[in-house]
Amino acid sequence: MLTVLPIRYVSDVEACRKFYAGLGLVFDSNASLDIWAQLSADAGAVGLHDFTVSKGRPAGSVELGFATDEKLEVVGSRLREQGYDYEIFDEDFGRSLRVVDPDGVTLQIQEIDMAVARASESALSTHARNE
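What counts and what doesn't
Residues numbered from 1 in each chain as written. Predicted model: local features only at pLDDT ≥ 70, side-chain atom pairs only at ≥ 80, totals over all residues. Heavy atoms only, no water. Salt bridge = Lys/Arg side-chain N within 4 Å of Asp/Glu carboxyl O. Buried < 20%, exposed > 50% of the residue type's maximum accessible area, 1.4 Å probe, protein only. Phe/Tyr/Trp six-rings, centres within 6.5 Å; stacked < 30°, edge-to-face > 60°. Lys NZ or Arg CZ within 6 Å of the ring centre and 35° of its normal. Pairing = 2+ DSSP bridges. Helix = DSSP H or I, 4+ residues; strand = E, 2+ residues; numbered from the N terminus.

## Description of the pattern of salt bridges
Tallied over the full model, the rule gives nine salt bridges. Between R57 and E63 there is a salt bridge whose closest N-O contact spans 3.7 Å. By relative accessible area, R57 is classed as partly exposed at 26%. A salt bridge links R95 to E73; the nearest nitrogen and oxygen atoms lie 2.9 Å apart.

## Thoughts on the packing of aromatic side chains
This model, assessed by the stated rule, comprises one aromatic pair. With a centroid separation of 5.0 Å and 85° between ring planes, the pair formed by F19 and Y20 is classed as edge-to-face. Y20 sits in the buried class, given a relative accessible area of 17%. The cationic tip of R17 hangs over the ring face of F27; the distance from NZ or CZ to the ring centre is 4.6 Å.

## Brief notes about the sheet that holds strand 2 (residues 7-10)
Taken together, the five strands give an open sheet; going across it, the order is 3-4-5-2-6, and neighbouring strands pair in mixed fashion. The open sheet has two free edges, formed respectively by strand 3 (26-27) and strand 6 (62-63), since each of these has just one partner strand. In terms of strand pairing, strand 2 meets strand 6 through two bridges, oriented antiparallel. Of the residues in strand 6, the one forming a bridge with R8 is V62.

What follows is the structure in structure tokens.
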């Protein structure tokens, strides 16, 4: 199943989490970290990502994303059948598939692995303490 999951890069994850919860979205603590908060609605979710660990995305930017419980290779196979090339990347949260839509916008489809994400967050925290 594919879930619409736009990613909002933010300067303060906690403040933004409270704001979006105030709009009526539900915070999912099992899918969240200090640098990432996921909030769900009846028809999708929003991810809040600390921009300082986003590999170059500025605070305030938004990326159209999706989360999937399917293997990315299955999603990619459907895309390729329609004539779209894609790439799969190992990420700090699991894996992602990136594909460019007909207007030239890159979309991210995430296969989230919370064990990988927690290990990455722990490594970031250790690195920040040692600086």
